[in-house]
Amino acid sequence: MTGGLSGVAVVTGAAGGIGAEIARSLVAAETPVALLDRDVLALWELAAELDSTGVRVIAVATDVTDSGDVDSAVAKVEVELGPIEYLVNAAGVLRSGQAAQLTDEEWDTTFAVNAGGVFHMSRAVARVMVPRGSGSIVTVASNAAATPRMSMSAYAASKAASAMFTKCLGLELAAHGIRCNVVAPGSTRTPMLTALQGDAAERASIEGVPDAYRVGIPLRRIAEPSHIADAVLFLLSERASHITMHDLTVDGGAALGA
Ligand code: NAD
């Protein structure tokens, strides 16, 4: 057991900034990892990067909004890597815009990925974990799930849904020896953040934006993906063996501890 981890891990959104860093950290802890994402090219690039480590890594192109796709991916991982012990739900999308201007498509897509994807993946993995009586699930939500943000209504609502789903699942699975926790990042340097803001907007995130009721980031920096990965690996691991249904915010204090 390395770093309190022993068993096979599945990471969704593995081609993204945070998911890829979580996968790298798991591999560094000698944990076999299945990389799941719908971005096939980026997925294969990461798999090739991790191939040289000698730790077993497979890439499985998966759309988490499609429950059939998810069920097939989980079955494939169990056959190719072995029993799944860890799941990290990191796939996500952000559609920003004032609530009154959001389209049906923006709302539906946001919920299909951020809430539906977490449901599909967690359900499929719970079904194989329960008979074995062991496992640990971490959902990457957002500090926006608990703190209202301008132009993020769909995103924040979908993250609140995924966080509460994960905690309810944790309650149901606790008797089976399975823990379910949430990590809630604030602004983190990844393609999702870059798409949302440039340098000026990054400074504004740190300084605060009074007109948008944002107080800024007390620790005065944007998070790196490794800050989020550290929290996820801790909650997955045996070091967190008495922690379940917890929501760990990693945002430099931006939500003032809410
Ligand atoms: P990212 O855009 O870099 O990565 C997201 C990944 O999810 C991408 O690789 C994308 O292809 C994948 N994905 C999207 N839809 C999918 C689908 N239907 N099926 C499978 N994969 C799909 O974003 P990130 O910053 O790495 O975000 C990772 C998680 O962290 C997300 O859930 C995001 O909401 C959350 N988060 C990010 C920030 C931030 O500031 N970056 C802050 C709070 C929470």
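See the structure shown above.
Quantities reported herein were computed from a predicted structural model and do not represent experimental measurements.

Undergrad: Where do I start with the packing of helix α1 (residues 17–28) against helix α2 (residues 40–51) in this structure?
TA: To describe two helices that pack against each other, one gives the angle between their axes and the distance between the axes. One way to put it is that α1 packs onto α2 with a least axis distance of 11 Å and a crossing angle of 20°. It follows from the interaxial angle that α1 and α2 lie roughly parallel. Crossing angle aside, the handedness with which α1 passes α2 is right-handed. Residue-level inspection shows Ala20, Ala23, Arg24 and Val27 of α1 in contact with α2, the latter providing Leu46, Glu49 and Leu50. Residue composition of the contact of α1 with α2, by class: 5 nonpolar, no polar and 2 charged.

Undergrad: Can you help me understand the site of the ligand in this one?
TA: Taken together, 30 residues sit near the ligand, with Ile18, Asp37, Tyr155, Lys159 and Thr190 positioned nearest. Here an oxygen atom of the ligand and a backbone polar atom of Gly16 are 3.1 Å apart. Between an oxygen atom of the ligand and a side-chain N or O atom of Tyr155, the distance comes to 2.6 Å. Protein chains bury 92% of the 820 Å² of accessible surface belonging to the ligand in isolation. Of all elements in the fold, only α1, α5 (153–173) and α6 (191–196) reach the threshold of two or more residues within the shell around the ligand. At 3 residues, the largest contribution of residues to the shell around the ligand is made by α6. Here the residues of the shell around the ligand sort into 14 nonpolar, 11 polar and 5 charged.

Undergrad: Any chance you could explain the pattern of salt bridges here in plain terms?
TA: Close approach of charged atoms lets side chains of opposite charge pair. In total, this model carries 8 salt bridges according to the counting rule given. Residue Glu202 is joined to Arg189 by a salt bridge in which the shortest nitrogen-to-oxygen separation is 2.9 Å. Of this pair, Glu202 sits in helix α7 (residues 199–207) while Arg189 is found in the loop between β6 (178–185) and α6, placing the two residues 13 residues apart along the sequence. In this structure Arg189 comes out as partly exposed when scored by relative accessible area, which is 38%. When salt bridges with common partners are traced through the structure, they connect Glu21, Arg24 and Glu49 into a single cluster.

Definitions and cut-offs
- Residues numbered from 1 in each chain as written.
- Predicted model: local features only at pLDDT ≥ 70, side-chain atom pairs only at ≥ 80, totals over all residues.
- Heavy atoms only, no water.
- Axes fitted to C-alpha atoms, helices over the stretch in contact; angles between N-to-C directions.
- Helix = DSSP H or I, 4+ residues; strand = E, 2+ residues; numbered from the N terminus.
- Parallel < 35°, antiparallel > 145°, perpendicular 65-115°, else oblique.
- Left-handed = near helix turned anticlockwise from the far one by under 90°.
- Contact = heavy atoms within 4.5 Å.
- Nonpolar A, V, L, I, M, F, W, Y, C, P; charged D, E, K, R; others polar.
- Near = heavy atom within 4 Å.
- Polar contact = N/O pair within 3.5 Å; in protein donor to acceptor, adjacent residues only side chain to side chain.
- Areas by Shrake-Rupley, 256 points an atom, 1.4 Å probe, with all protein chains shown as cover.
- Salt bridge = Lys/Arg side-chain N within 4 Å of Asp/Glu carboxyl O.
- Buried < 20%, exposed > 50% of the residue type's maximum accessible area, 1.4 Å probe, protein only.

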